[in-house]
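Chain and residue survey
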Amino acid sequence: MDETKIEFLDLINDKYLIDEYFKLKVNRELNIDIDLSTEYVTAHNIVSKKLILVQTFSDTTIGNPQLYLLLRSLIHNVNSYHITKSQMISALSNK
């Protein structure tokens, strides 16, 4: 039986990968070219003690409902492990 190996994101060391993936998704979905690296930070969840992404949205993001909702969704997908490092790398290599 083949075993599928899932590579989880390291939220600190893979920050550049996450930034590029978010930028790609926003560009594809909303046709907006924007630097998103300051729109979230990595922090420890006080309950689970796990690293999570926390939104620090700028006025630009908050003022654009579509961008706001898309970024919230992307952050949620990372925090809930719905997207893997391999999936991000694959999406970025298929630009």
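The notes below deal with the structure included here.

Scoring rules and cut-offs
Residues numbered from 1 in each chain as written. Predicted model: local features only at pLDDT ≥ 70, side-chain atom pairs only at ≥ 80, totals over all residues. Heavy atoms only, no water. Phe/Tyr/Trp six-rings, centres within 6.5 Å; stacked < 30°, edge-to-face > 60°. Lys NZ or Arg CZ within 6 Å of the ring centre and 35° of its normal. Axes fitted to C-alpha atoms, helices over the stretch in contact; angles between N-to-C directions. Helix = DSSP H or I, 4+ residues; strand = E, 2+ residues; numbered from the N terminus. Parallel < 35°, antiparallel > 145°, perpendicular 65-115°, else oblique. Left-handed = near helix turned anticlockwise from the far one by under 90°. Contact = heavy atoms within 4.5 Å. Salt bridge = Lys/Arg side-chain N within 4 Å of Asp/Glu carboxyl O. Buried < 20%, exposed > 50% of the residue type's maximum accessible area, 1.4 Å probe, protein only. Polar contact = N/O pair within 3.5 Å; in protein donor to acceptor, adjacent residues only side chain to side chain. Core = buried A, V, L, I, M, F, W, Y, C linked by side-chain atoms within 4.5 Å.

Before going further, it helps to spend a moment on the packing of aromatic side chains. For the structure shown, the criterion picks out four aromatic pairs. By the ring-pair criterion, three or more aromatic residues cluster together here, those being Tyr21, Phe22 and Tyr40. Here Lys15 stacks its cationic end above the ring of Tyr40, 4.0 Å away from the centre of that ring.

What follows is about the packing of helix 1 (residues 15-30) against helix 4 (residues 85-93). Taken N-terminus to C-terminus, the directions of helix 1 and helix 4 make an angle of 55°; their axes are 10 Å apart at the nearest point. On the basis of their axis angle, the class for helix 1 and helix 4 is oblique. Between helix 1 and helix 4 lies a crossing of left-handed hand. Where helix 1 approaches helix 4, its residues Leu17, Ile18, Glu20, Tyr21, Leu24 and Arg28 are matched on the opposing element by Lys85, Met88, Ile89, Ala91 and Leu92.

The next point concerns the pattern of salt bridges. Scanning the model with the defined rule gives three salt bridges in all. With a closest N to O distance of 3.7 Å, Asp33 and Lys23 form a salt bridge. Residue Asp33 is found in the loop between helix 1 and strand 1 (40-44), and its partner Lys23 is found in helix 1; the two are separated by ten residues along the sequence. Taking relative accessible area as the criterion, Asp33 reaches 60% and is therefore assigned exposed.

Note on placement: Asp19 falls in helix 1. Asp19 sits in the buried class, given a relative accessible area of 12%. One polar contact links Asp19 to Tyr40, side chain to side chain, over a distance of 2.3 Å. Contact partners of Asp19, with chain neighbours within four places excluded, come to Ser37 and Tyr40.

Here we come to the nonpolar core. One finds Ile18, Phe22, Leu53, Leu71, Val78 and Met88 to be the most contacted residues of the largest nonpolar core, which totals 23 residues. Elements that contribute at least two residues to this core include exactly helix 1, helix 3 (65-79) and helix 4. Once residues lying within four places of it in the same chain are set aside, the contact partners of Leu71 are Phe22, Val26, Leu36, Glu39, Phe57 and Thr61.

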